[in-house]
Every structure is written in structure tokens, then in C-alpha cells.
Amino acid sequence: MDTKFSTAIHLLILVSEAEQPMSSEQIATSVGTNPSYVRKVAARLSHAGIIEGQRGRSGFALLKAPEDISMLEVYRAVEQTDSVHVFDIHQNPSDECIVGRNIRPVLGGMFRHAERVVEDELAGATLADCMALMRERIDKDEKDPHQPDNRQQEGNRK
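Read on for a plain summary of the structure. What you see is a predicted model, and the numbers here were worked out from it, not measured in a lab. Note that residues are indexed from 1 along each chain, following the sequence as it is written. Totals for whole chains, interfaces and linings use all residues, but because this is a predicted model, local features are given only for residues with pLDDT of at least 70 and pairs of side-chain atoms are given and counted only at 80 or more. Where side-chain values are given, they derive from all heavy atoms of the structure, hydrogens and water being excluded.

**Concerning a negative patch on the surface**
1) Next: Patches here: salt-bridge-free residues with over 30% relative accessible area, like charges joined within 9 Å, nonpolar side chains (Val, Leu, Ile, Met, Phe, Trp, Tyr) joined within 5 Å. Every accessible area reported is derived by Shrake-Rupley at a probe size of 1.4 Å, with residue values counting cover from the shown protein chains alone. Any carboxyl oxygen of Asp or Glu within 4 Å of a side-chain nitrogen of Lys or Arg constitutes a salt bridge here. Charge counting follows a simple rule: Lys and Arg are positive, Asp and Glu are negative, and His as well as the terminal groups are ignored. Each charge is placed at NZ for Lys, CZ for Arg, CG for Asp and CD for Glu. A surface patch of negative charge is lined by Glu136, Asp139, Asp141 and Glu142.
2) Next: A run of H or I in DSSP becomes a helix once it reaches four residues, and a run of E becomes a strand once it reaches two; helices and strands are each numbered from the N terminus. Note on placement: Glu136 falls in helix α6 (residues 127-143).
3) Next: Buried means the residue's accessible area, taken with a 1.4 Å probe over protein chains only, is under 20% of the maximum for its type, while exposed means over 50%, and partly exposed covers the values in between. Under the relative-accessibility criterion, Glu136 is labelled exposed at 53%.

**Quick notes on helix α1 (residues 4-17)**
1) Next: In this scheme, a helix's expected span is set at 1.5 Å multiplied by one less than its residue total. Its 14 residues place the ends of α1 20 Å apart at the C-alpha level, agreeing with the 20 Å of an ideal helix rising 1.5 Å per residue.
2) Next: Within the sequence span of α1, burial applies to Lys4, Phe5, Thr7, Ala8, Ile9, Leu11, Leu12, Ile13 and Val15.

**Focus on the pattern of salt bridges**
Pairing between side chains becomes possible if they bear opposite charge and their charged atoms approach one another.
1) Next: Considering all chains together, one arrives at four salt bridges under this definition.
2) Next: The partner of Arg135 in a salt bridge is Glu17, and the shortest N-O contact between them spans 2.8 Å. With Arg135 in helix α6 and Glu17 in helix α1, the pair connects residues that are 118 residues apart, well separated along the chain.
3) Next: When its relative accessible area of 40% is taken as the criterion, Arg135 is described as partly exposed.
4) Next: Glu17 sits in the partly exposed class, given a relative accessible area of 41%.
5) Next: With its nearest N and O atoms 3.6 Å apart, the salt bridge here joins Arg76 to Glu119. Separated by 43 residues along the polypeptide, Arg76 in helix α4 (residues 71-79) and Glu119 in helix α5 (residues 98-123) bring together distant segments of the chain.
6) Next: For Arg76, a relative accessible area of 33% corresponds to the partly exposed category.

Set out below in C-alpha cells:
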């Protein structure tokens, strides 16, 4: 699966929280990728009017308040599409088979419904929401840095 969307959210949180403009090299270090990939994602966000490069110095700045940036807007910017696309259907089912003849319309309808649900969820979430969730996790980790998170505990029980 493509990582532009999660990289974009990571980049936007860093940019919005940084005291100084962050360069693509600094962002790439945090994301765990290379600076050219960060610049590619940043260019798409810039083209969509979400961020801008800092003139005369390296770094980026938000053009909108975090509460005015929906996750759907970010998705559309970096994926360069108007609709959410999560699922693909295999391309060559056999018309000789009853399942092969009918699988595409069955899955197509199911997948379109699921993608509409995802789109609605993304439209209702903002960068500010992501930042608030990030702050909650940071606060929790700072209160008890030695306490494993719930996911680790659940994974150990299985």
C-alpha cells in the first residue's frame, strides 16, 4: 500500500508543531524516508494550497489552521484524486465460471460502499484531531514511559 497519505499527515503535524521551519531533510529523518520523497509529498500539498515553502530559507508552513484541514483534503491532495480508492478487484475473472462472471459487480458494489464510509470518516476528521490524538499519546508516554501500550499487551496475550 502507498504511504503518501500517512507521510503527508506526519509532515503536516511536524510543520504545524515546529517552532522553526523544518527542512525536508529533518522531516525525512522523522518519517524514516528520504528527503526527495518528502519534497514530492510536500509539492502535492503545496499545489493543493495546504502548505507553502518558506521563501529564502528551507522549510514549510501551513497555509490553513489545522482545524480547517480535513483528512479527506489531505488524501485528495497527495493521491491526486477526487475519490477515495482503497480496494482493487482482480482484472481477469473467467466468464466461463459463474463466480468469475459475477464477482466484479458484487465486489464492486461492496467496495464502493466501504470507500464511501472511509471518505465520510476522512471528511469528518481534521489535522487538529490528529494532533490532539498525538498529544494524548505523548502525554500518556511522558506520565509513564515504562508502561507498555495496550496493543503490546494485547499482542502478548494472543
